Structures are given as structure tokens and as C-alpha cells.
Amino acid sequence: MAETLLDFSQVRAQFPILEQTENGHPLVYLDGGATSQKPLQVIEAIDTYYRKQNANVHRGVYGLSERATELYEGAREISRGFLNARSTKEIVFVRGTTEAINLVAHSWGRMNLQAGDEVIVTEMEHHSNIVPWQLLRDQLGIRLTVLRMNDLGEVCMNALKGLVSEKTKLLAVTHMSNALGTINPVKEMAEIAHSVGAKVLVDGAQATPHMQVDVQDLDCDFYALSGHKMYGPTGIGVLYAKEALLEVMPPYQGGGDMIYSVTFEKTEYNVLPYKFEAGTPNIAGAIGLGAAMQFMQSIGLDRIAAYEAELLAYATERLKEIEGVRIIGEAENKGGVISFVLEGVHPHDMATLMDQDGLAVRASHHCAMPVMQHFKVPATIRASLGVYNNREDIDRLVASILDAKEMLL
Ligand SMILES: Cc1ncc(COP(=O)(O)O)c(C=O)c1O
């Protein structure tokens, strides 16, 4: 049983929101891909911060501000360790993955890209790793090239080798697809991109909740994550970037904290990473994110991955038993996301009925419309797994699909 891989009842008890009912049924939350639920450790860290520790950071000489600064910078050190970055100078707090990618596009992109240069993205990217590059394409005249995937939802390394050239300046790739669950071989992809001198940006929004990430091992140049998808609060995320790149990149936003000195003639910027953190940051968010990372580490990242792999295998097997269910995304290497459609039923109708059974699943294009176009579906239903889900949740999912099928077909 998957549950023996971790102390499930102890883990589950950390999520008070899951104790409630929805439409008269115990809530089954299967939408961590959109945003995860939060454990007590995170809720309490934020609560304690606002009750006892709240002050602005890097500014006051009084004790409270010094303690808030220590906690905020402590969260940066936790993030560094979580990603195995070399230095806290490489950890920039941002709003989330979307802002991290936009920061790279605006700062690094505008400085380094010119007409004719190429950015490669995969066909399975989230819109937040497509649109920022399209904006640059329209403004700078760069080319946006798409690495296609097969019908299992996998990209091909030989196809990537064939695409890259001296014109390729950036490969922007998701570590794990939110719409398909595919885990991309980003280390191997980075090697291919680096062989032509391109930089590599990895969108880690979906990977960080499910697996151990080591940015030094991946050798990526940029790595983006969102706190709210990995048991942390909304409005906080991390952009990891190699120090040498951040050192020469221009600031993304101007304002307080990101400067060393200002006159009307000239402004000297602050040291890393503060050069990229203009204005009062999301202090409580960073502290909550640190608590979320520690929560994951206390279970063990490898144990989380193993537990979810077992649960995903169970969910896949059970869904395949239902006639008319088509799983979208059958890559060999998948994380805890399962997307599917039921023949003859619109995903939105199905998810509405499932809500009546107390299930929270997502029916949508998942901000990955090109994936929907590839598989010729308007949307899918997505069940995304977390440490608080178990086989019982999957059984409820299956029962609800069968009910909906009976009602709608
Ligand atoms: C793969 C992927 N990238 C990026 C994002 C954007 O994350 P956020 O909305 O937290 O900025 C998401 C969110 O769903 C995602 O799944």
C-alpha cells in the first residue's frame, strides 16, 4: 500500500481544510496542480509572523525589524538549500513562476536577444512560458521555435538536437507539464542547449511540489517556482539564476530596497539578490514558503515522489478500467497529474457533477491551450495529487466518474 511509504494519517492531519464537507460529502481535493492545500506548519508560521513578528525588513534598527529580516533571510537560505543553489545571492523572491519568467524575459531577454535570435519552447508549456517570449518576439523580432511532442506527451531529444543552432539563445522548458504530468529530461535538454551556447530556463512550478530538484545537477541557468503549488502561500515564489547572470542583468523593477544610492543624476543598484527585489517584499509569504519547504523536507522529497508515483499508478489503472475514458498524457516519466476526457461528455459538465460528489478537480485547458490543440480536445479533467491524497480519494474519483457517466450518457 502506498500509504505505508509515509505516515499518511499523520500527514493528512496537517491539513485542516480537508476536514470539511462539500455538498454533503467529505471533501476530496484533487486540484493541487492549480494550488495545493496548506499544512498547519505553514498556516502557523504566517499567523505567528503577523501576531508577533511583523515589521518591514532591511530597514529598521529596532529588534522587531531585525527579527523580521532574520526570518525573511532565513527563508531565502531554506530556499537555497531546497534547490541546492550555491548561494543565497542566486535566490530572488518573486510573486511566483509567472513573475519569475517575466523577470527573465524583461531583464535578461532585452539585454541579450536581438532580431533573428531564437528562443525554443516545448509544445507542452504553460502560457506563462509562452506569452512572455511572444511579447519579446513582437517587440524585438526574435524567433519563437516550438519543440513538438509525440502523442504520449513526450519531447524527443534528437528533435531538440536537430533544432538548436548558433541562433538559439534560450531553451525555455517546463520541468513537469501541468496538463499532462510529463516530466521532461531537463538535465539532458540543458546539455543540448548549452552545446550551442544557449541558456536554459526551467519552469519548475509543477515539479517542485513532487520531486527533489537540484539546480546545480540540472545545470540550468534559471529555475522558477511558485510557493502556492508546493504547500506554501500564494503570492510568493523563487527565481533561481546563476550568480554570474544576475550580476550583469539589469533590474526588472525600480524602487526602494533595490538601490544602494540615488541622486537625480545616477542610481547605484544594490547587491544581489536585492537588485531584483524592489519595494516591500511579501515577507509573510517568504516565511510561509520556507515553512512549506521544511514541511516537505520533513517528510522527505524522495518519499513524496515514491508515494505519489504509487498513487498515480493506482489512479491510472483504475481510470483505464472505465470504458470511454481517454487519458491525455501517457509519458513514461510522469508526476502526480492525471488528465483525461470521457468520450461524449464535456469536461466542464463532468466536473460540475463531480463537485456535487464533493470532489475538487479541474476541468479546463489548464493554461496550456497548445496541448489541447495537439490532442484535439477543448479541455480535460485533471486530477492532481498531493501528499494528502490516498487511494480512497482515487476510489471516490472513479465512483464519481461512473455516476456522471450514467447521468450524462
Ligand atoms: C507548469 C506551470 N508553469 C507556470 C505556472 C504559473 O504559475 P503561477 O500562476 O503560480 O505564476 C503554472 C500554474 O499553473 C504551471 O502549472
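Look up a bit, the structure's there.
Computed from a predicted model, the values in this text were never measured in an experiment.

Cut-offs applied
- Residues numbered from 1 in each chain as written.
- Predicted model: local features only at pLDDT ≥ 70, side-chain atom pairs only at ≥ 80, totals over all residues.
- Heavy atoms only, no water.
- Buried < 20%, exposed > 50% of the residue type's maximum accessible area, 1.4 Å probe, protein only.
- Helix = DSSP H or I, 4+ residues; strand = E, 2+ residues; numbered from the N terminus.
- Arc of directions from axis to C-beta.
- Contact = heavy atoms within 4.5 Å.
- Near = heavy atom within 4 Å.
- Polar contact = N/O pair within 3.5 Å; in protein donor to acceptor, adjacent residues only side chain to side chain.
- Areas by Shrake-Rupley, 256 points an atom, 1.4 Å probe, with all protein chains shown as cover.
- Nonpolar A, V, L, I, M, F, W, Y, C, P; charged D, E, K, R; others polar.

S.K.: Quick one: what's the story with helix α12 (residues 347–356), residue by residue and with numbers?
M.R.: For α12, every residue scored as buried is listed here: Pro347, Met350, Ala351 and Met354. Buried residues along α12 cover an arc of 95° about the axis, so they all sit on one side. Looking at the buried residues of α12, the elements they touch are β14 (337–342), β15 (359–360), β16 (362–364), β17 (380–384) and α14 (391–408). Phi turns positive, to about 85°, at Gly358, one or two residues after α12.

S.K.: An account of the site of the ligand is requested, with residue identities and associated values reported.
M.R.: Contacts to the ligand come from Thr97, Thr98, His126, Ser128, Thr174, Asn178, Asp203, Ala205, Gln206, Ser226, His228 and Lys229. A distance of 2.5 Å is found between an oxygen atom of the ligand and a side-chain nitrogen or oxygen belonging to Thr98. Contact with the protein chains hides 85% of the accessible area of the ligand, taken as 390 Å² for the molecule alone. Taken together, the residues of the shell around the ligand sort by class into 1 nonpolar, 9 polar and 2 charged.

S.K.: Tell me about the environment of Ala313, and name the residues and values.
M.R.: With respect to the helices and strands, Ala313 occurs in helix α11 (residues 301–320). Along the primary structure Ala313 and Ile338 are separated by 25 residues, whereas in three dimensions their C-alpha atoms are 9.9 Å apart.

S.K.: Account for the side chain of Asp221, naming residues and giving values.
M.R.: Residue placement: Asp221 occurs in the loop between α8 (215–218) and β9 (222–226). Owing to a relative accessible area of 3%, Asp221 belongs among the buried residues under this scheme. For Asp221, the side chain forms a polar contact with the side chain of His194, separated by 2.8 Å. For Asp221, the side chain forms a polar contact with the main-chain nitrogen of Val200, separated by 2.7 Å. Ignoring sequence-local partners within four residues, the contact set of Asp221 consists of His194, Ala198, Lys199, Val200, Tyr240, Ala241, Lys242 and Leu245.

S.K.: Please give an account of unusual backbone geometry that cites residues and values.
M.R.: Geometrically, the link from Leu272 to Pro273 is a cis peptide bond, its omega value of 0° lying close to zero. Within the fold, Pro273 resides in the loop between β12 (267–269) and α10 (283–299). Backbone geometry places Tyr231, a non-glycine residue, at a positive phi of 75°. Mapped onto the elements, Tyr231 comes out in the loop between β9 and β10 (237–241). Here the phi dihedral of His366 falls at roughly 60°; this positive angle occurs in a residue that is not glycine.

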